Amino acid sequence: MSCSHGDYPCRFTERSARAQQVIPHRVFGPACLLQKAQVAVLDLLPRCLAAAHTVLGVHPFPRLDVLIVPAGFSSLGMASPHIIFLSQSALCAGTLGPREDALSLCGSRICHEIAHSWFGLVIGARDWTEEWISEGFATYLEDVIWAQAKQLSLQQTADQSDLKALLRWRRLSDELQNSEEQLQILRPNLENTGEVGESGSSTIKHALNPDKIFMQVHYLKGYFLLRFLASQVGDKYFIDFIRVFVEKYHGQLILSQDFLQMLLVTFPNMERKGLTLRAIYADWLDRPGIPKWLYERNAVWSEARLVEEVKAEVGKWILLSQSPQGKGRKRKRTDPKVNYKEMTSEQLVMLLELLLEEEELNGATLEALRRTYDLPNHDAEVKHRWCELVVKHAYTRAYADVEHFLVHNQAMGVYLYGELMVQEDPEQQALARRCLSLVQEEMDQSARSVVEEMVL
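Residues numbered from 1 in each chain as written. Predicted model: local features only at pLDDT ≥ 70, side-chain atom pairs only at ≥ 80, totals over all residues. Heavy atoms only, no water.

Enquirer: An account of the overall build of the protein chain is requested, with residue identities and associated values reported.
Expert: What the protein chain contains, in helices and strands, is 19 helices and six strands. For the protein chain, buried positions account for 54% of its 456 residues. Contacts in the protein chain between residues far apart in sequence, at least 24 positions, make up 73% of those at least 6 positions apart. Total accessible area computed for the protein chain in this model is approximately 21400 Å², and 50% of it derives from carbon and sulfur atoms. (Helix = DSSP H or I, 4+ residues; strand = E, 2+ residues; numbered from the N terminus. Buried < 20%, exposed > 50% of the residue type's maximum accessible area, 1.4 Å probe, protein only. Contact = heavy atoms within 4.5 Å. Areas by Shrake-Rupley, 256 points an atom, 1.4 Å probe, with all protein chains shown as cover.)

Enquirer: Explain helix H3 (residues 104-115) residue by residue, including any values.
Expert: Along its 12 residues, H3 runs 16 Å from first to last C-alpha, staying within 8% of the 16 Å computed at 1.5 Å per residue. Buried residues dominate H3, accounting for 12 of its 12 residues. Of all the positions in H3, only Ser 104, Leu 105, Cys 106, Gly 107, Ser 108, Arg 109, Ile 110, Cys 111, His 112, Glu 113, Ile 114 and Ala 115 are classed as buried. (Expected span 1.5 Å × (residues − 1).)

Enquirer: Go over the packing of helix H4 (residues 132-149) against helix H6 (residues 217-233), please, and point to the residues and values.
Expert: Contact pair H4 / H6: the axes reach a minimum separation of 7 Å and the direction vectors enclose 60 degrees. H4 and H6 meet at a crossing whose hand is right-handed. Between H4 and H6, the contacting residues are Trp 132, Glu 135, Gly 136, Phe 137, Thr 139, Tyr 140 and Asp 143 on the first element and His 218, Tyr 219, Gly 222, Tyr 223, Leu 225, Leu 226, Arg 227 and Ala 230 on the second. Of the residues assigned to the contact of H4 with H6, the class counts are eight nonpolar, four polar and three charged. (Axes fitted to C-alpha atoms, helices over the stretch in contact; angles between N-to-C directions. Left-handed = near helix turned anticlockwise from the far one by under 90°. Nonpolar A, V, L, I, M, F, W, Y, C, P; charged D, E, K, R; others polar.)

Enquirer: Describe the sheet that holds strand S2 (residues 64-69), with residues and values.
Expert: Read from one edge to the other, the open sheet built from four strands follows the order S1-S2-S4-S3, with strand pairing classed as mixed. Among the strands making up the open sheet, the edge pair consists of strand S1 (25-28) and strand S3 (77-80). Across the sheet, the mean angle from the axis of one strand to that of its neighbour is 15 degrees, orientation sign disregarded. In terms of strand pairing, S1 meets S2 through four bridges, oriented parallel. The partner of Arg 26 across the bridge, within S2, is Asp 65. Contacting S1, S2 and strand S4 (83-87), helix H2 (residues 34-56) crosses the sheet at an angle of about 155 degrees to S1. Against the sheet, H3 makes contact with S2, S3 and S4, and its axis sits at roughly 150 degrees relative to S4, the strand it touches most. (Pairing = 2+ DSSP bridges.)

Enquirer: Please set out the packing of aromatic side chains residue by residue, giving values where relevant.
Expert: Under the counting rule described, the total for this entry stands at 22 aromatic pairs. For the ring pair Phe 238 and Phe 259, a centre distance of 6.2 Å and an interplane angle of 90 degrees mean the geometry is edge-to-face. Highlighted residues: Phe 238 in helix H7 (residues 235-249) and Phe 259 in helix H8 (residues 256-266), separated in sequence by 21 residues. Accessibility expressed as a relative area gives 2% for Phe 259, which makes it buried. The interplanar angle of 65 degrees and the centroid separation of 6.1 Å between the aromatic rings of Phe 241 and Phe 267 together place this pair among those described as edge-to-face. In this pair, Phe 241 sits in helix H7 while Phe 267 sits in the loop between H8 and helix H9 (269-272), placing the two residues 26 residues apart along the sequence. Neither Phe 241 nor Phe 267 differs from the other in exposure class; each is buried. Its guanidinium or amino end placed over the ring of Tyr 223, Arg 168 lies 4.5 Å from that ring's centre, counting from NZ or CZ. Over the ring of Tyr 281 we find Arg 187; its NZ or CZ atom is 3.6 Å from the centre of that ring. (Phe/Tyr/Trp six-rings, centres within 6.5 Å; stacked < 30°, edge-to-face > 60°. Lys NZ or Arg CZ within 6 Å of the ring centre and 35° of its normal.)

Enquirer: I'd like to hear about the side chain of Glu 388, residue by residue, with values.
Expert: Checked against the element boundaries, Glu 388 lands in helix H15 (residues 380-392). The side chain of Glu 388 sits in the buried core without any salt bridge; Arg 385 is the nearest counter-charge, 4.2 Å away. Setting aside chain neighbours within four positions, we find Glu 388 in contact with Leu 356, Leu 416 and Glu 419. (Lys, Arg positive; Asp, Glu negative; His and termini not counted. Salt bridge = Lys/Arg side-chain N within 4 Å of Asp/Glu carboxyl O.)

Enquirer: Go over the pairing of S2 with me, naming the residues and quoting the values.
Expert: Taking burial as the measure, the six residues of S2 include five buried ones, the bulk of the element. The β-α-β motif built from S1, the intervening H2 and the parallel element S2 has left-handed crossover chirality. Here five bridges tie S2 to S4, and the two strands are oriented parallel to one another. Paired with Val 66 across the bridge in S4 is Ile 84. (Right-handed = clockwise from strand over helix to strand, strands pointing away.)

Enquirer: Tell me what's going on with the pairing of S4, and back it up with residues and numbers.
Expert: The buried fraction of S4 is high, at four of five residues. Of the strand pairs in this sheet, S3 and S4 are connected by four bridges, and their pairing is antiparallel. When the sheet's bridge partners are listed, Ala 79 is paired in S4 with Ile 84. Counting the residues between successive antiparallel strands, the hairpin from S3 to S4 contains two residues, one of them, His 82, with a positive phi of roughly 75 degrees.

Enquirer: Please set out the packing of H3 against H4 residue by residue, giving values where relevant.
Expert: Running from N to C, H3 and H4 point in directions that differ by 130 degrees, and their axes come no closer than 8 Å. When the axes of H3 and H4 are compared, the pair comes out oblique. The way H3 lies across H4 gives a crossing that is right-handed. Across the interface between the two elements, Ser 104, Gly 107, Ser 108, Cys 111, His 112 and Ala 115 of H3 pack against Glu 135, Ala 138, Thr 139, Leu 141, Glu 142, Ile 145 and Trp 146 of H4. Class assignment for the residues of the contact of H3 with H4 results in six nonpolar, five polar and two charged. (Parallel < 35°, antiparallel > 145°, perpendicular 65-115°, else oblique.)

Enquirer: So, the pattern of salt bridges: which residues are in play, and what are the values?
Expert: Per the counting criterion, the structure on display carries 22 salt bridges. A salt bridge links Asp 240 to Lys 236; its shortest N-O distance comes to 3.0 Å. Taken together, the positions of Asp 240 and Lys 236, both in helix H7 and four residues apart, correspond to about one turn of that helix. Among the residues examined, Asp 240 registers a relative accessible area of 33% and is labelled partly exposed. For Lys 236, a relative accessible area of 61% translates into the label exposed. A salt bridge links Arg 371 to Glu 367, with the nearest nitrogen and oxygen atoms 3.8 Å apart.

By themselves, these are just geometric observations and shouldn't be taken as functional.
What follows is the structure, encoded as structure tokens:
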């Protein structure tokens, strides 16, 4: 094959590279985390690399190192050529061991960062205001690659995909309700996207806005745009197209229009249905808010099988909270034991999010919830929702869980400080200040500034 990029060593033209499913890889980390890194990262890497090769083709780089970074690192992960910086928050937690579900956060995060080898590194955004090209693609592809790594059936993949879509929809919807409209646009420079000044420089709009640092809209809205496009042509055809796109554009900087125009040429039926470049810009890239398709799909995802299982469990917990047993009252007879269904990590996140919508949950119910699912020993996403529940209901017996989370998962705890302060509970505010005093010297500077503004 011939390449369109400038002259540099390119693996896409090497026959041996095209057949190499798993590239050489190593993991580095502090001695205290090596056992977790062995169980989680080192054992997962060959599966994730092979899955990425199956989905996207030749690995753009000849080797990969993973470095486990301190708790003060500003995100769950970051990809660079030949290396992934992985937060210790992504490692499997506590006593859950190497069970497949305990590796879900770590595995999906590794897949996300591996996906950046294609989108973000070997293909980049020509105008960095279009960062969705990097993060939206990586978020979409992490699910595809992780499902391939776990060798899920088509039905299992669809079930997991619907549950994750609903979780992301909830996160996006909440973010858009609490952010400036100008920060919700994926192509903020509109028709001027990609233009440079006479000096050859370009301006990154909103780059210095401190709120933008913590926003997920370019991850989530970009992910949903790709899901929408896949729904129009079929998932398999869409992934096949992405591979062809990578073959053509690797080694280059692109704009949204490069991807979309090639897609419309490849699938002409899209334009016949009214999906023109201008229509996609208008619905997804150039406006704030949520496109109509997303509202419609949310209704479907809300009735998906795994979601319905969660709703049934939520009902049990609400009934328990309203019962004498849940209220901690003495009873003359013993109520039948409730059988709670075992759930995946993503289902647990959904369960806790739905319980967060309840105005009242008493302490006895919260303690039962904590014990039943061993919440302090789950992954960081589950623990984050648990801590939100603890703060909302001022469950003082679990404040140690909140402190542990804020100290050891600093990249995920920024807004939890705000929740501790906004309740105007002296004990919660003291907890926030104590946690900040424990970690402020090692915190990421941007996160520290935001937290100090809330707490001090």
